[in-house]
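# Survey of secondary and tertiary structure
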Amino acid sequence: MADNPPEFDAIVIGAGMGGIYALHKLRNELGLRVRAFDRAGGIGGTWWWNRYPGAKSDSEGLVYRFSFDKETLGEPIGNNRYIDQADMQAYLESVVDKFDLRKDIQLDTGIDGMSFDEATAVWTVSTAEGETLTARYVVSALGPLSMEYYPDIKGRDSFQGRMVHTATWPADLRIDGKRVGIVGTGSTGTQFICAASKTAGHLTVFQRTAQYCVPNGNRPISAEERAEYRANHQKIWDGVWISYVGAGFQESQVPAMSVSAEERRRIFQKAWDKGNAFRFMLETFSDIARDPAANEAAAEFIRSKVREIVKDPETARKLMPTGYYARRPISNEDYYESFNRDNVALVSLKENPIREITPNGVVTEDGAEHDLDVLVFATGFDAFDGTYKKMEIRGRGGVALRDHWKDGAGSYLGIACNRFPNMFMVFGPGTVFSNLPPGIETQVDWITSLIKTAIDGDKPCIEATEDAERTWTSTCDEIAEHSLFSKVDSFINGGNIPGKKKRLLFYVAGLAAYRQKLGEVAGAGYDGFVLGAPMQREEQPTA
Ligand code: FAD
Ligand code: NAP
């Protein structure tokens, strides 16, 4: 083995926030030989791919960023409360340049397979372009939301206009003055609708499920707020690490039904006026995502706003969400107001499904032909494991990751899988439900410490045990049982993809609890992992 060392100590897959930070930590802090790869033509991951009109963060900008770069932390990114796609990409570019990472990022290079050699504890990684490389460790920062989902609708490929998915929006595509149709009204679709309604000649919204959407309260950051942030950013971040979703505020401890109906409405109204979906769901009351009665109170408040805002009663009726308010919460500038515009039409697919897509546009069951220049799919992602399953990943004994996950994706801590030694996922299935940047930093910091421990101890082969993976996955399942998020189909539980096994793919006990658990595991000598020399591990991790 010493005669034939791997070319790299570590390969990082992905150049989004996770990959950028992993490259920085492993190369600049541990001094390892690292190369990062991305199939994209630029860095930024999500923020490189999702260039559709209206794309921006819905986490507040102050906490949607890296916290590790203390020098710039006091300066907001961009000018607004939320970060526009272009500003976010520029920010990530600036981080890459500042930490001199660009020279070790290879773009336009997809990784299509990797296999683990037990004798040497080395991964062989192959690119779609035919290159083969070896590395001791692989950090796969593939993105939980990076594999776009296109529904299979009859006639889809016959459309003669421009047909696009928001997650692969072409840089040259403009919709100004055009007849645009959009399928999908999730976080992406609603953002797109707010922006496109102001520039498209005509916008037809094909809505399957009506959404609970609250205002985001977006506005320019004032000079006073900038000064205040400069003074207080460390305090804000101190609060992030000990909160439930790491979104820059402390979640409420007050159950919704413990106050009067009048007081509830006052609190909801205050949150509505302030804006932000996470605040509306979690800063108002403690149990909206758990208690059906609390959930219904929040849901009914939002429905009352739809009635108030949308002028045409028939449109308001179609936009009225029903059922639990239990998907990832959505907020936007002026979603419901968009439907008061003369150039916006709403088709409720539950009442009037798409019959087929034709060369000219979309035909619905009522026989109406919706002629379009651009047809946009904002139909989401095959989240978490979708990207992994596209790759040929073979672990110990040649087992394929897609077979390992045949009964549903899981992991130990959202980070590692038994039989896949030395492969560490950033935001893999079973990861913490949080505002992502602090979750990503938490994981990458921890993975870095684990690798350092293994190298320093001359036990470079690291594998999660079968028992640890099983226990963590069932812990996630048990916690999920108490959450209404498991009761409504969405990408959070795999229910958005036909045929996908349903399982809440998050650890929903919160960021603070997750960090505590990671601390305990590390403190106990990386409990649940076996560290050893290749082929000489002290114990076989599987039965
Ligand atoms: P990504 O940014 O998805 O990066 C993964 C990279 O891996 C991609 O560039 C991809 O090309 C690459 N890759 C994947 N497979 C391969 C392969 N086989 N070979 C080579 N490269 C590969 N989260 C929040 O918390 N708050 C928000 O406000 C928020 N806004 C969002 C807005 C949009 C439009 C979307 C789509 C997501 C948003 N998210 C938000 C979630 C967002 O994905 C994360 O916040 C974060 O950007 C994820 O970073 P990442 O590095 O883990 O993954
Ligand atoms: P999504 O939440 O999964 O929404 C997909 C939409 O497409 C839903 O409205 C869905 O309808 C619809 N759809 C799917 N298949 C369909 C079909 N066959 N026919 C008609 N409609 C169909 O995906 P997303 O909006 O891209 O958001 C995914 C996640 O990305 C978000 O939850 C968030 O984490 C992140 N994101 C964040 C922001 C932000 O605000 N910063 C922006 C974009 C994305 P149903 O509801 O009926 O399934």
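Owing to the predicted nature of the structure, the values given are computational and were not obtained by experimental measurement.

Criteria and thresholds
Residues numbered from 1 in each chain as written. Chains lettered and ligands numbered in written order. Predicted model: local features only at pLDDT ≥ 70, side-chain atom pairs only at ≥ 80, totals over all residues. Heavy atoms only, no water. Helix = DSSP H or I, 4+ residues; strand = E, 2+ residues; numbered from the N terminus. Rg over C-alpha atoms; globule rule 2.2 N^0.38 Å. Buried < 20%, exposed > 50% of the residue type's maximum accessible area, 1.4 Å probe, protein only. Contact = heavy atoms within 4.5 Å. Areas by Shrake-Rupley, 256 points an atom, 1.4 Å probe, with all protein chains shown as cover. Lys, Arg positive; Asp, Glu negative; His and termini not counted. Charge placed at Lys NZ, Arg CZ, Asp CG, Glu CD. Phe/Tyr/Trp six-rings, centres within 6.5 Å; stacked < 30°, edge-to-face > 60°. Lys NZ or Arg CZ within 6 Å of the ring centre and 35° of its normal. Near = heavy atom within 4 Å. Polar contact = N/O pair within 3.5 Å; in protein donor to acceptor, adjacent residues only side chain to side chain. Nonpolar A, V, L, I, M, F, W, Y, C, P; charged D, E, K, R; others polar. Pairing = 2+ DSSP bridges. Axes fitted to C-alpha atoms, helices over the stretch in contact; angles between N-to-C directions. Domains from an automatic or database assignment. Buried area = accessible area lost by both parts, 1.4 Å probe. Salt bridge = Lys/Arg side-chain N within 4 Å of Asp/Glu carboxyl O. Parallel < 35°, antiparallel > 145°, perpendicular 65-115°, else oblique.

### Quick notes on the overall build of the protein
Of regular secondary structure, the protein possesses 15 helices and 22 strands. A globule of 543 residues ought to have a C-alpha radius of gyration of about 24 Å, and the protein, at 24 Å, matches this closely. Taken across its 543 residues, the protein has 58% of its residues classed as buried. The contacts in the protein between residues at least 6 apart in sequence include a share of 72% that link residues at least 24 apart. As displayed, the protein offers around 21500 Å² of accessible surface, 49% of which is attributable to carbon and sulfur atoms. Placing the 62 positive and 75 negative side-chain charges of the protein at their respective mean positions leaves the two points 2 Å apart.

### Thoughts on the packing of aromatic side chains
This model, assessed by the stated rule, comprises 32 aromatic pairs. For the ring pair Tyr21 and Phe68, a centre distance of 4.8 Å and an interplane angle of 35° mean the geometry is tilted. Note that Tyr21 is positioned in helix H1 (residues 17–29) and Phe68 in the loop between helix H2 (46–49) and helix H3 (85–98), a separation of 47 residues in sequence. Measuring from centroid to centroid gives 6.4 Å for Phe66 and Tyr91, while their planes differ by 40°, and the two rings are tilted. Here Tyr91 lies in helix H3 and Phe66 lies in the loop between H2 and H3, a separation of 25 residues in the sequence. Overall, the relative accessible area of 9% leaves Tyr91 in the buried class. Put simply, the rings of Tyr212, Phe268, Trp272, Phe280, Phe285, Phe301 and Tyr325 touch in pairs and so form one group of aromatic residues. A cation over a ring is seen here: Arg51 above Trp48, with NZ or CZ 4.3 Å from the ring centre.

### Section: helix H4 (residues 187–196)
Of all ten residues in H4, eight are buried; the element is thus mostly enclosed. Turning to H4, its buried residues number three or more, namely Thr188, Gly189, Thr190, Gln191, Phe192, Ile193, Cys194 and Ala196. In this fold, the buried residues of H4 make contact with strand E8 (179–183), strand E9 (202–207), strand E11 (330–332), helix H10 (335–338) and strand E16 (374–377).

### Observations concerning the site of ligand 1
Around ligand 1, 33 residues are found, and the nearest of them are Asp38, Thr46, Asp58, Ser59 and Tyr64. Here an oxygen atom of ligand 1 sits 2.5 Å away from a polar atom, N or O, in the side chain of Tyr64. Interatomic distance of 2.8 Å between a backbone N/O atom of Ile111 and a nitrogen atom of ligand 1. Burial of ligand 1 by the protein chains amounts to 96% of its free accessible area of 970 Å². Elements that contribute at least two residues to the shell around ligand 1 include exactly H1, H2 and helix H13 (436–456). For the shell around ligand 1, the element with the most residues is H2, which contributes three residues. In the shell around ligand 1, the residues fall into 15 nonpolar, 14 polar and four charged.

### Things to note about the sheet that holds strand E12 (residues 344–348)
The strands that make up a sheet pair up through hydrogen bonds in the backbone, lying either parallel or antiparallel. The five strands are arranged E7-E16-E8-E9-E12 in an open sheet whose pairing can be described as parallel. Each edge of the sheet is formed by a strand with only one pairing partner; in this case those strands are strand E7 (162–165) and E12. If you compare each strand with its neighbour and ignore which way they point, the axes differ by 15° on average. As paired elements, E8 and E9 share five bridges and run parallel to each other. Bridge pairing in E9 places Val183 opposite Phe206.

### Some words on the domain arrangement of the protein
Reports of interface size often rely on the accessible area that becomes lost once the parts have come together. In terms of domains, the protein is made up of domain 1 (8–147 + 382–532) and domain 2 (213–377). A straight line from the C-alpha centre of domain 1 to that of domain 2 covers 28 Å. The interface is formed by 40 residues belonging to domain 1 together with 41 residues belonging to domain 2. With both sides pooled, the region where domain 1 packs onto domain 2 buries about 3500 Å², and carbon together with sulfur makes up 57% of that total. When residues of domain 1 are sorted by the area they lose upon contact with domain 2, Asp58, Arg81 and Leu484 head the list and together hold 20% of the total. Here domain 1 and domain 2 share five salt bridges between them. With a closest N to O distance of 2.7 Å, Asp58 and Arg328 form a salt bridge. Every element with two or more residues in the side of domain 1 that touches domain 2 is listed here: H13 and helix H15 (511–523). A per-class count over the side of domain 1 that touches domain 2 returns 16 nonpolar, 13 polar and eleven charged.

### Some remarks on the pairing of strand E1 (residues 8–13)
Within E1, six of the six residues are buried, which leaves it mostly tucked inside the rest of the structure. Both E1 and strand E6 (residues 132–140) contribute to a ladder of five bridges, which runs parallel. In the sheet register, Val12 faces E6, and the bridge partner there is Val139.

### Focus on the pairing of strand E13 (residues 354–357)
Strand direction decides the pairing type here: E13 and strand E14 (residues 361–364), joined by three bridges, are antiparallel. Considered in E14, the bridge of Glu356 is made with Val363. Counting the residues in the hairpin turn of E13 and E14 gives three residues.

### What to know about the packing of H13 against H15
When two helices pack together, their arrangement is captured by the angle between the axes and the distance separating the axes. Taken N-terminus to C-terminus, the directions of H13 and H15 make an angle of 0°; their axes are 11 Å apart at the nearest point. By the angle class used here, H13 and H15 are roughly parallel. Where H13 abuts H15, its residues Pro438, Gly439, Thr442, Gln443 and Trp446 lie against Leu511, Tyr514, Arg515, Leu518, Val521 and Ala522. Of the residues assigned to the contact of H13 with H15, the class counts are seven nonpolar, three polar and one charged.

### A word on the pattern of salt bridges
Summed over the entire model, instances satisfying the criterion amount to 40 salt bridges. Residues Glu333 and Lys56 are paired through a salt bridge, measuring 3.4 Å at the closest nitrogen-oxygen approach. Taken as a pair, Glu333 in the loop between E11 and H10 and Lys56 in the loop between H2 and H3 lie far apart in primary sequence, 277 residues in all. Of the charged contacts, one joins Asp97 and Arg102 as a salt bridge, the two residues approaching to 2.9 Å between their closest N and O atoms. On the basis of relative accessibility, which here comes to 45%, the residue Asp97 falls in the partly exposed class. We classify Arg102 as partly exposed; its relative accessible area is 35%. A single network of salt bridges, built from pairs that share partners, joins Glu60, Arg81, Arg279 and Glu283.

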